[in-house]
Every structure is written in C-alpha cells, then in structure tokens.
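Remarks on the overall topology
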Amino acid sequence: MQAKTQKGYSESFILVLSAVALFFILSSCCPVVSDKPLSQPLKIDTDLEGVWKLESENQEIVYLHISALNEKFAAVSVEHRDDGKLDIIKTMFFLTRIKLGLYMNIHTNELPKEELGTIDGWMFLQIKFFNKDRFAMAHLNDQPIIDAVRNGELSGILTQRDTRVNCVALTDSSENMRNYIETHGDSLFIDPTVWNRVH
C-alpha cells in the first residue's frame, strides 16, 4: 500500500453535512472520502427510524427524520433558523455493522454541491446508541487516517497544499477499511452530536 501526494484544493473548506443534520467545520481541510463504501447495502435492524432532535447547548433547533427503505435509509434534516426560515435537506444512506458498531455510508452525490464542490466519494459517520431513544453521531478524524495512509496501513491519496495535507481520498478495499475501523474503533471518530427521540 502506497501513499500518493498531489497539490490542489482550496486552503479552507467548510463542510455542512446538513443532509443528515450534522454540522461541523473542518478548518483548512476537506472531509475524508473513499472511492468505496464500507460494504454493500444490507438490511440492518436498528432503532434509527423515527424523528430525532439535536441536543444543543447553543439552542439550535434541528430535527432529523429517518425512514427505512429496504436496505437503505432516507433522511430529512430540518433546521429552524433564527430568522424564522427552515433549512430542509434530504439524503439517502445505508449502514454497515462492524462488530457492535454502526457506520453510516453517505455518498457526496447525496449532499449539496455548493458545499462540497468537486469532492467525490463516500463519507463515513459512526452511530452509537446510548439506548433506543438517544444516540450520538461522530465524523472521522482526518489525522489518524493521514498517518495510516503514510505508513501503509491504508491505501489512499493525500492532497497537499504548501506543506500541509488538507484532503484525504482513500482507495483501499472495503474489507481493509472495515478491519482498520474494527482495530482502532472509537479513537477514529470525533466531535459527536447527540440526538434524542421525539417519536
């Protein structure tokens, strides 16, 4: 497995994953993407269906509506803005189970192009249930993935600006990525948002 480095991409990138009602900022980098999902879509029984509300210290009002459609899920996020308007975005995703963990596979084609630009690939989020009425959603920390590509644990392309890597595109097999996540687990995922069931 070899790491490739090439120059390009803008210096800063703000990713608004409002399609699944997850909002976070990656300063001076773009999200980790893969040219393959973690698995093929499979029907997985989960408590994820329903209507959820973001647990927020900043009084943001965001609802996430999730419905199962065979082996995939439809998600609609609704953010109630301070100006009284609604931001509504729809997306599709499917889940991969690795041991006892659930991981969301979302393709960038499902997300707003004005936010992602030319970035193309699969993004992975971790889902962890506290109980059937409360769960956390976290995104990949790019630094351990960069390190894994550099040391040959994972195959991928590192896009560099100046002396800093600011984009990671994984090219490894689904099996190798699952094995890597299984080995390193929670340490790979950061900045969880917490959701409480409305109904």
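Going by the structure above, here's the rest.
A brief structural summary.

Criteria and cut-off values
Residues numbered from 1 in each chain as written. Predicted model: local features only at pLDDT ≥ 70, side-chain atom pairs only at ≥ 80, totals over all residues. Heavy atoms only, no water. Buried < 20%, exposed > 50% of the residue type's maximum accessible area, 1.4 Å probe, protein only. Helix = DSSP H or I, 4+ residues; strand = E, 2+ residues; numbered from the N terminus. Polar contact = N/O pair within 3.5 Å; in protein donor to acceptor, adjacent residues only side chain to side chain. Salt bridge = Lys/Arg side-chain N within 4 Å of Asp/Glu carboxyl O. Pairing = 2+ DSSP bridges.

1. Quick look at helix α2 (residues 142–150)
Among the residues of α2, Pro-144, Ile-145, Ile-146, Ala-148 and Val-149 are the ones counted as buried. Of the residues flanking the start of α2, the one acting as N-cap is Asn-141, its side-chain oxygen 3.3 Å from the backbone nitrogen of Gln-143.

2. Considerations on the pattern of salt bridges
This structure, assessed with the given rule, holds eight salt bridges. Its salt-bridge partner being Arg-81, residue Asp-87 comes within 3.2 Å of it at the nearest N-O pair. For Asp-133, the salt bridge goes to Arg-197, with nearest N and O atoms at 2.9 Å. Remark: Arg-197 occurs in strand β14 (residues 189–197) and Asp-133 occurs in the loop between β10 (122–131) and β11 (134–140); sequence separation between them is 64 residues.

3. Focus: the pairing of strand β5 (residues 50–55)
As judged from the four bridges shared by β5 and strand β6 (residues 61–69), these two strands associate in the antiparallel manner. Bridge pairing in β6 places Val-51 opposite His-65. Note: β5 against β14, four bridges, orientation antiparallel. Looking across to β14, one finds that Trp-52 is bridged to Arg-197.

4. What about the pairing of strand β9 (residues 101–107)?
The buried count for β9 comes to seven of seven residues, which makes it a mostly enclosed element. Judged by which residues are buried, β9 turns out to be covered on both faces: Gly-101, Tyr-103, Asn-105 and His-107 on one side and Leu-102, Met-104 and Ile-106 on the other are all buried. Note that strand β8 (residues 86–98) and β9 share five bridges and pair antiparallel. Among the inter-strand pairings, Phe-94 is bridged to a residue of β9, identified as Asn-105. Hairpin connection from β8 to β9: two residues lie between these consecutive antiparallel strands, with Lys-99 at a positive phi of about 55 degrees.

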